[in-house]
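Each chain, letter by letter, is given below.
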Amino acid sequence: MVGADIGSTEVRVVQVEGLDRHGQAIVTRVGQAPVKEGAIVQGQIRNQQLLSLALTRAAKEAAVPLRGMVVGLSTPDTAVTQLVLPSAVRRSERVGAIRNLGKDISAAVPLSDAELATCLIDTDLSSEGTQVNTLSVVAASSAQMDELLAICRIAKVTPRAIDLSGAALLRALIRSPLDSVDVSTLVDVGATKTTVVTRQGLYLRSLRTLPEGGLSLTRALMSAMSSSATETAELREQAERDKRNYHLGVRPEVKLASGHSYVDDRGTFGIADSLAQTGIEEALNRAGEQLVENIAAAVDQDSAAFADRTQGATLCGGSALMPGLKEMLASRMGIPVQIGRPWATLARNRNTEHFFRSGGEPPELMLKLSVAIGLALWEDPA
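Just so it is clear, the structure is predicted and the values come from calculations on it, not from any experiment.

Participant: Before we move on, could you go through the packing of helix 1 (residues 48-62) against helix 3 (residues 142-154) and cite the residues and values that matter?
Facilitator: Interhelical geometry of helix 1 versus helix 3 gives an angle of 55 degrees and a closest axis separation of 8 Å. The angle between the axes of helix 1 and helix 3 places the two elements in the oblique class. The handedness of the crossing between helix 1 and helix 3 comes out as right-handed. Along its contact with helix 1, which presents Gln-48, Gln-49, Leu-51, Ser-52 and Leu-55, the element helix 3 presents Glu-147, Ala-150, Ile-151 and Ile-154. Tallied by class, residues from the contact of helix 1 with helix 3 come to 5 nonpolar, 3 polar and 1 charged.

What follows is the structure, encoded as structure tokens:
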């Protein structure tokens, strides 16, 4: 089972060889390839050639077959809702019946330009006594689906399925009883997009993809570090390295000592340095607050559409470990927020040996691979 997560800064391919007795996915092969900037802009595919090249390289590094991958779709032009149809409508007829209703799933994805998929959630009796099915319905932009399939063709990849990256997150991070009805939210903070998924039990309840992510924090840091309007590769690399030396939000351990120096966990600075550090942290905080506000707004939209509000949130993705992000989100939303970890273990073999050079299994790597692992765990709903 192979999953391919095509992101704006990197393509990640993993092979999973089933589950162990604890329900952990056994990851046996990993391939990663960088993506040049501009291939995906605000979550929209813009350059098929660059992405297909990265997909080919990641698959080659993982040494996996090109036939049978499950490829992830993550774009702002996707939406999830719940609909009720008579149980007499067969599975093969559901999409046609939904189109006949003539009601858009989302304003962002018009029905006329959408690919639809359904999943049965529950069967019950209506108020009239007839049997009805409650369905989770996904709408995805036909244009973005065509772009993704074109990338696969260029890379000579024959996908087994195209799956929502948000659904893959749920598969990778959640293990709940089949009859669970708890409501929680998964937040995948990538480089240029953030996926906000709210689930009820094991079912996807809502999904929103925001066209911003950790790169907005990096650019805020670059802007504060340099007066030049030019963004150089060196400046960006430095900002990425330095980003996690800062902390979003208020840090009680930071103080001015005797009015003459600025003291924190990184050492002691003079007054001029302390002002520079404070300016950088203010810029980062503004960017962090904007990102958190947009995540919270997506969760609020879910709450407005359903009777019960999410009870907690789980952060994952490459930018989830930004110091203070978890606490800032918890403060804004008023719910517990934790850092997620996929239910997976990395097998030690010739392909993965280099990941173990610093000791045990690298936790940050597993966090980055969450979507790809969930894609590999996809099963045919039939």
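Participant: So what's going on with the sheet that holds strand 6 (residues 67-73)? Residues and values would help.
Facilitator: Sheet architecture is open: 6 strands sit in the order 10-6-1-2-3-19, paired in mixed fashion. Because the sheet does not close on itself, it has two edges, and the strands there are strand 10 (158-164) and strand 19 (344-346). On average, each strand axis in the sheet is tilted by 35 degrees relative to the strand beside it, whichever way the strands run. Sheet topology note: the strand 1 (residues 2-6)/strand 2 (residues 10-19) ladder contains 5 bridges and is antiparallel. When the bridges of strand 2 are listed, Ala-4 appears paired with Val-13. Sitting on the sheet, helix 1 touches strand 1, strand 2, strand 3 (25-34) and strand 6, and the angle it makes with strand 3 is about 140 degrees. Its contacts with the sheet put helix 3 on strand 1, strand 6 and strand 10, and the angle it makes with strand 6 is roughly 145 degrees.

Participant: Hey, could you go over the pattern of salt bridges for me, with residue numbers and the actual values?
Facilitator: Within this structure, the stated rule accounts for 13 salt bridges. Among the salt bridges present, the one from Asp-5 reaches Arg-12, with a minimum N-O distance of 3.6 Å. The partner of Asp-302 in a salt bridge is Arg-205, and the shortest N-O contact between them spans 2.6 Å. Taken together, the residues span a long stretch of sequence, with Asp-302 in helix 7 (residues 271-305) and Arg-205 in strand 13 (residues 203-210) at a distance of 97 residues. Each member of the pair, Asp-302 as well as Arg-205, is classed as buried. Overlapping salt bridges, with partners in common, bring together Asp-5, Glu-10, Arg-12 and Lys-368 in one network.

Participant: Residues and numbers for unusual backbone geometry, please.
Facilitator: Of note, Ala-63 is a non-glycine position whose phi angle comes to about 55 degrees, a positive value. Mapped onto the elements, Ala-63 comes out in the loop between helix 1 and strand 6. Even without being glycine, Lys-156 reaches a positive phi, approximately 60 degrees. If you trace the backbone, Lys-156 turns up in the loop between helix 3 and strand 10.

Participant: A description of the environment of Gly-3 should follow, citing residues and the corresponding values.
Facilitator: Considering the arrangement of structural elements, one finds Gly-3 in strand 1. For Gly-3, a relative accessible area of 0% corresponds to the buried category. In sequence terms Gly-3 and Ala-168 are 165 residues apart; their C-alpha atoms lie 9.4 Å from each other. The contact partners of Gly-3, leaving out residues within four places of it in the chain, are Arg-12, Val-13, Val-14, Val-70, Ala-372, Leu-375 and Ala-376.

Participant: An account of helix 2 (residues 94-101) is needed here, citing residue identities and associated values.
Facilitator: Buried within helix 2 we find Arg-94, Ala-97 and Ile-98. For helix 2, the buried positions fall inside an angular range of 100 degrees around the axis, keeping them on one side. Next to the buried residues of helix 2 lie strand 7 (78-86), strand 8 (114-125) and strand 9 (131-141). Among the residues trailing helix 2, Gly-102 stands out with phi positive, at a value near 75 degrees.

Participant: Outline empty space enclosed by the protein, listing residues and values.
Facilitator: Enumeration according to the criterion identifies 2 cavities of 30 Å³ or more in this entry. In this structure, the largest cavity encloses a volume near 90 Å³. Forming the boundary of the largest cavity are Ile-6, Ile-40, Gly-43, Ile-45, Gly-72, Leu-73, Ser-74, Thr-75, Gln-144, Leu-148 and Lys-193. Of all the elements in the fold, those that place two or more residues in the lining of the largest cavity are strand 6 and helix 3. For the lining of the largest cavity, the class distribution of residues is 5 nonpolar, 5 polar and 1 charged. Estimated volume of the second largest cavity: approximately 30 Å³. If you trace the second largest cavity, you find it lined by Leu-73, Ser-74, Thr-75, Thr-78, Leu-164, Ser-165, Gly-166, Thr-195, Leu-207 and Thr-209. Taken together, the residues of the lining of the second largest cavity break down into 3 nonpolar, 7 polar and no charged.

Participant: Give me the lowdown on the packing of helix 5 (residues 214-225) against helix 6 (residues 233-242), citing residues and values where you can.
Facilitator: Running from N to C, helix 5 and helix 6 point in directions that differ by 110 degrees, and their axes come no closer than 9 Å. When the interaxial angle is binned, helix 5 and helix 6 end up roughly perpendicular. Remark: the crossing between helix 5 and helix 6 carries right-handed chirality. Side by side, helix 5 and helix 6 meet where Leu-215, Thr-218, Arg-219, Leu-221, Met-222 and Met-225 of the first sit next to Leu-235, Arg-236, Gln-238, Ala-239, Glu-240 and Asp-242 of the second.

Participant: An account of the layout of surface pockets is needed here, citing residue identities and associated values.
Facilitator: Within this model, the second largest pocket holds a volume of roughly 1000 Å³. In terms of lining residues, the second largest pocket is bounded by 44 residues, among which Thr-9, Gly-190, Ala-191, Thr-192 and Glu-240 are the most central. When contributions to the lining of the second largest pocket are tallied by element, the ones reaching two or more residues are strand 2, strand 4 (40-41), strand 11 (183-189), helix 5, helix 6, helix 9 (363-368) and helix 10 (370-376). The element contributing the most residues to the lining of the second largest pocket is helix 5, with 5 residues. Partitioning the lining of the second largest pocket into residue classes produces 10 nonpolar, 18 polar and 16 charged.

Rules of the game
Once a new chain begins, its residue numbering starts again from 1 and follows that chain's sequence as written. Totals for whole chains, interfaces and linings use all residues, but because this is a predicted model, local features are given only for residues with pLDDT of at least 70 and pairs of side-chain atoms are given and counted only at 80 or more. To get the side-chain values, take all heavy atoms of the structure and skip hydrogens and water. Axis angles are defined between N-to-C directions and span 0 to 180 degrees, where every axis is a line fitted to C-alpha atoms and, for a helix, only to the segment in contact. Helix and strand definitions follow DSSP, with helices as H or I runs of at least four residues and strands as E runs of at least two, each counted in order from the N terminus. Working rule for angles: under 35 degrees goes down as roughly parallel, over 145 as roughly antiparallel, 65 to 115 as roughly perpendicular, anything else as oblique. When the near helix sits turned anticlockwise from the far one by under a right angle, the crossing is termed left-handed; a clockwise turn instead gives a right-handed crossing. Here, two residues are considered to be in contact whenever any of their heavy atoms come within 4.5 Å of each other. Each residue is assigned to one class: nonpolar for Ala, Val, Leu, Ile, Met, Phe, Trp, Tyr, Cys and Pro, charged for Asp, Glu, Lys and Arg, and polar for all the others, Gly among them. When DSSP locates at least two bridges between a pair of strands, those strands are taken to pair. The term salt bridge refers to a side-chain nitrogen of Lys or Arg lying within 4 Å of a carboxyl oxygen of Asp or Glu. Residue burial is assigned from relative accessible area. The probe radius is 1.4 Å, only protein chains are included, and a residue is buried under 20% of its type maximum, exposed over 50%, and partly exposed in between. The reported arc concerns the directions from the helix axis to the C-beta atoms and nothing else. A 1.4 Å probe that fits but cannot get out identifies a cavity on a 1 Å grid over protein atoms alone, an open set with protein on both sides within 12 Å along at least five of seven lines counts as a pocket, and a residue lines either if it has an atom within 4 Å of a point. Grid points are joined across faces, edges and corners, and a volume is the space filled by probe spheres set on the points.

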